[in-house]
Amino acid sequence: MTGQPSQTIRVAVLGADGRMGRAVCAAVDAAPDLDLVAQVRAGDDLAASLDGVDVAVDFTVPSVTEANVRTLVDAGVHAVVGTTGWTDESRGRISDHLAARADHGSEVGVLIAPNFGLSAVLAMTFAAKAARFFESVEVVELHHPDKIDAPSGTARHTATAIAAARREAGVAPSPDATETGLDARGADVDGVRVHAVRLRGLVAHEEILLGNEGEQLVIRQDSFDRKSFMPGVLLAIREVVSRPGLTVGLENVLDLS
Ligand SMILES: NC(=O)C1=CN([C@@H]2O[C@H](COP(=O)(O)OP(=O)(O)OC[C@H]3O[C@@H](n4cnc5c(N)ncnc54)[C@H](OP(=O)(O)O)[C@@H]3O)[C@@H](O)[C@H]2O)C=CC1
Ligand SMILES: O=C(O)C1=N[C@H](C(=O)O)C[C@H](O)C1
């Protein structure tokens, strides 16, 4: 692109017609230091859409996001990824791909975050901190009924962080004497039960319930509007250009000390 100040970051949005894609296009458009140079939709040729792009933001669908990120890395474009459905294996493949390219001098950054909302990042962080002090812990995520994956990426990330914190502290698994009707006990994510609610009128919400004999702590966050994700997405776009390699989770970018 010509005529842009050198510090302007040229941004492409993948999934530009989606609920999140539309919100991200509007937020990037309104940011003086960012320039929306490409809007990529299903069926478009991604590699051919990346001329002059510095950072691409992916809010597409779980089935395509890994291939998209590989294409971005191969084109030398930094990636901010909000799409869910990532596993340890798929993140590992991207990490390996980045490392192989780094051997050839590439400094591409990929930032994958299951949730860009400040309330959600803080809820996950507080839950992980609290996890070792309670005998029982369960996660409930609540979303709009057009969401295609369950449990949510945020709930998976939360449960994994809780499980890691409990393992590190040597805490026993949550007690659960259920003998039958296991379907009603939610998904087992790293030993933590996660329940998914789908309800018209909701956007994105999460509750972490922690219990001890005679007491309960509930950590709850609510995204009432997709605008709640935009400060985190814009921060990630600005940060990813100076963070080569793979970063997972916005908590690694925010100063939460
Ligand atoms: N990290 C975070 O903070 C958040 C993450 N999310 C996640 O983001 C993802 C998107 O959510 P949402 O916007 O609600 O979903 P939508 O279904 O509204 O949007 C997804 C869009 O991606 C398009 N798409 C599909 N394949 C491709 C492709 N290969 N290239 C470009 N575009 C493509 C779809 O097009 P078509 O409909 O034509 O197939 C659709 O327009 C989900 O995984 C969701 O969980 C959501 C909110 C916040
Ligand atoms: O699909 C959504 O809407 C959301 N998806 C993400 C997830 O799966 O955690 C983030 C947020 O919960 C909204």
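Reference entry: report on the structure contained in this document. Nothing here was measured: the structure is a model prediction, and the numbers come from that model.

**Points about the site of ligand 2**
Then, in step 1: Contacts to ligand 2 come from Thr 84, Pro 114, Asn 115, His 143, Lys 147, Ser 152, Gly 153, Thr 154 and Ala 204.
Then, in step 2: Among the residues forming the shell around ligand 2, the class breakdown is two nonpolar, six polar and one charged.

**Digging into the site of ligand 1**
Then, in step 1: Gly 15, Gly 18, Arg 19, Met 20 and Gly 82 are the nearest of the 25 residues found near ligand 1.
Then, in step 2: Those elements giving two or more residues to the shell around ligand 1 turn out to be helix H1 (19-30) and helix H2 (62-74).
Then, in step 3: Its residues assigned to classes, the shell around ligand 1 shows twelve nonpolar, ten polar and three charged.

**Observations concerning the sheet that holds strand E11 (residues 245-248)**
Then, in step 1: Spatially, six strands are ordered E2-E1-E3-E4-E5-E11 in an open sheet, and the strand pairing comes out parallel. In the strand order of this sheet, the two ends are held by strand E2 (34-40) and E11, each with one partner. Here the average twist between neighbouring strands, direction ignored, is 20°.
Then, in step 2: Where strand E3 (residues 55-58) meets strand E4 (residues 78-81), four bridges bridge the pair, whose relative direction is parallel. Its bridge partner being in E4, Val 57 is matched across the sheet by Val 80.
Then, in step 3: Against the sheet, helix H3 (residues 88-102) makes contact with strand E5 (109-112) and E11, and its axis sits at roughly 150° relative to E11, the strand it touches most.

**Considerations on the sheet that holds strand E10 (residues 215-223)**
Then, in step 1: Sheet architecture is open: five strands sit in the order E7-E8-E6-E9-E10, paired in mixed fashion. The open sheet has two edge strands with one neighbour each: strand E7 (187-189) and E10. Neighbour-to-neighbour, the strand axes of the sheet open up by a mean angle of 25°, direction not taken into account.
Then, in step 2: Here strand E6 (residues 136-143) pairs with strand E8 (residues 192-198) via six bridges, running parallel. The residue of E8 that forms the bridge with Leu 142 is Val 197.
Then, in step 3: Seen against the sheet, helix H5 (residues 153-169) touches E6, E7, E8 and strand E9 (204-212) and runs at an angle of roughly 170° to E6.

Criteria and cut-off values
- Residues numbered from 1 in each chain as written.
- Chains lettered and ligands numbered in written order.
- Predicted model: local features only at pLDDT ≥ 70, side-chain atom pairs only at ≥ 80, totals over all residues.
- Near = placed C-beta within 6 Å.
- Nonpolar A, V, L, I, M, F, W, Y, C, P; charged D, E, K, R; others polar.
- Helix = DSSP H or I, 4+ residues; strand = E, 2+ residues; numbered from the N terminus.
- Pairing = 2+ DSSP bridges.
- Axes fitted to C-alpha atoms, helices over the stretch in contact; angles between N-to-C directions.
- Contact = placed C-beta atoms within 7 Å.

Spatial relationships are all this shows, so hold off on functional conclusions.
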